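# Report on the structure
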Amino acid sequence: VIVSILPVQTFAKSIGGDKVNVSLMVEPGNSPHTYEPKPSQMKDIARSDLYFAIGVEFEDIWLPKFKDLNPKMNLVDLAENVQKIQMQERKCDHGDHHGHHTEHAHKGDDPHIWTAPSNVKIISQNIYHALQKADPENRDYYKKNLDLFLATIDETNRQIMHLLADLPDQKKFMVFHPSWGYFSKAFNLEQIAVEVEGKEPKPKVLITLLREAKKERVKAISTQPEFSDTTAKIIAKELDIPVVKVSPLAPNWSENLINIAKVIAGKN
């Protein structure tokens, strides 16, 4: 089995156990937006039975190439039955030639579906269905592993709810890259993103972000190891809050989601 990113490798190993050999495409420290597979990884593609696609950007370009290389490999869409949300945009206020102001925002699905426990349940069930179909002899083994993993997801969800229980109904938290949209939706939160569409904010926007963060009493700013944190450090110094590195691409997804909940609750 080939997977694109580390969290999916964790899900596939949890359900496949020792019956499945899982190879990873986007190695730690790389971005799934721009990843290019190595020749050794193309060899893995050539001899794989299944590819678990999750909807990250590099797949748009590479999945057709993988399929050409290995027509027998079955492409499995792990995002099937997951309700997608739009990637967060910073609304821009533009004056038109009549002096009217129009807001515009570019649209696009947010690919970070694995940041909500309820979505991880759907992804896990999609993995189970693909494995039992490809290897019916071990169906019971995969089902047992799925049930254990679903229980882990429930426990993760319970711990996050507990951590966030004391917060107001609608709580904002600050992130560098807007990767936590599904997490926010699941727990009635709102992410204030510093970087939108790969662009760092202009000074005027930065001042607005700082004002909002102060007003919302943001406890920390979360950044990812895959991105530069220079701007985040400036904001953190200005607000006297810590910079916490949490990546949605971390393999220990459960601990990772609990960590981001701790950051938001100021318990990190």
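This structure is a prediction, so every number in the text was calculated from the model and none was measured.

Regarding its fold elements, the protein presents 9 helices and 10 strands. Long-range contacts, defined as pairs at least 24 residues apart, comprise 61% of the intrachain contacts of the protein with a sequence gap of at least 6. Here the protein displays about 14,000 Å² of accessible surface, and carbon together with sulfur accounts for 50% of that area.

With that out of the way, let us pick up empty space enclosed by the protein. The final tally for this structure, using the stated rule, is 2 cavities of 30 Å³ or more. For the second largest cavity, the calculated volume is near 30 Å³. Surrounding the second largest cavity, Lys172, Phe173, Met174, Val218, Lys219, Ala220, Val263 and Ile264 form its lining. When contributions to the lining of the second largest cavity are tallied by element, the ones reaching two or more residues are β7 (171-175) and α9 (253-265). Among the elements that line the lining of the second largest cavity, the one with the most residues is β7, at 3 residues. Residue classes in the lining of the second largest cavity are distributed as 6 nonpolar, no polar and 2 charged.

Taken together, 4 strands build an open sheet; the order of strands is β8-β7-β9-β10 and the sheet is parallel. Of all the strands in the sheet, the pair left with one neighbour each is β8 (189-193) and β10 (243-245). Averaged over all pairs of adjacent strands, the angle between strand axes in this sheet comes to 35°, irrespective of strand direction. On top of the sheet, helix α7 (residues 203-215) reaches β7 and β8; it is set at about 150° to β8, its chief contact.

So, on to the pattern of salt bridges. In total, this model carries 8 salt bridges according to the counting rule given. Arg47 is paired through a salt bridge with Asp44; the nearest N and O atoms lie 3.0 Å apart. According to the relative accessible area criterion, Arg47 is exposed, its value standing at 62%. Here Glu155 and Arg158 are joined by a salt bridge, their closest N and O atoms 2.9 Å apart.

Quick look at the sheet that holds strand β1 (residues 2-3) now. By way of backbone hydrogen bonds, the strands of a sheet pair with one another, either parallel or antiparallel. The strand order β2-β1-β3-β4 describes an open sheet built from 4 strands, whose pairing is parallel. If you trace the sheet from one side to the other, it starts and ends with β2 (23-24) and β4 (74-77), each paired once. Looking at chain direction, β1 and strand β3 (residues 50-53) are connected through 2 bridges and run parallel. Bridge assignment links Val3 to a residue of β3, and that residue is Phe52.

If you check helix α4 (residues 117-134), its first and last C-alpha atoms are 26 Å apart, about what 18 residues at 1.5 Å a residue would give, namely 26 Å. Looking only at α4, the buried set comprises Pro117, Asn119, Val120, Ile123, Ser124, Asn126, Ile127, Tyr128, Ala130, Leu131 and Gln132. On the buried face of α4, the contacting elements are α1 (6-16), β3, β4, α5 (139-164), α6 (181-186) and α9.

Another aspect to go through is the confidence of the model for the protein. With 89% of its residues at a pLDDT of 70 or more, the protein shows a mean pLDDT of 86. Long-range and interchain partners of residues 91-106, a stretch whose pLDDT sits below 50, account for 18 contacts in this model, where long-range means more than four residues apart.

Once that is clear, we can look at the environment of Leu50. Structurally, Leu50 is set in strand β3. Residue classification places Leu50 among the buried positions, given a relative accessible area of 4%. Distance from Leu50 to Val76, taken between C-alpha atoms, is 7.0 Å for residues 26 residues apart in sequence. Setting aside residues up to four positions removed in sequence, Leu50 forms contacts with Val1, Ile2, Met73, Asn74, Val76, Ala130, Leu131 and Ala134.

About the criteria used
- Residues numbered from 1 in each chain as written.
- Predicted model: local features only at pLDDT ≥ 70, side-chain atom pairs only at ≥ 80, totals over all residues.
- Heavy atoms only, no water.
- Helix = DSSP H or I, 4+ residues; strand = E, 2+ residues; numbered from the N terminus.
- Contact = heavy atoms within 4.5 Å.
- Areas by Shrake-Rupley, 256 points an atom, 1.4 Å probe, with all protein chains shown as cover.
- 1 Å grid on protein atoms, 1.4 Å probe; cavity = no way out; pocket = protein on both sides within 12 Å on 5 of 7 lines; lining within 4 Å.
- Points joined across faces, edges and corners; volume = space filled by probe spheres on them.
- Nonpolar A, V, L, I, M, F, W, Y, C, P; charged D, E, K, R; others polar.
- Pairing = 2+ DSSP bridges.
- Axes fitted to C-alpha atoms, helices over the stretch in contact; angles between N-to-C directions.
- Salt bridge = Lys/Arg side-chain N within 4 Å of Asp/Glu carboxyl O.
- Buried < 20%, exposed > 50% of the residue type's maximum accessible area, 1.4 Å probe, protein only.
- Expected span 1.5 Å × (residues − 1).
- pLDDT = per-residue confidence, 0-100.

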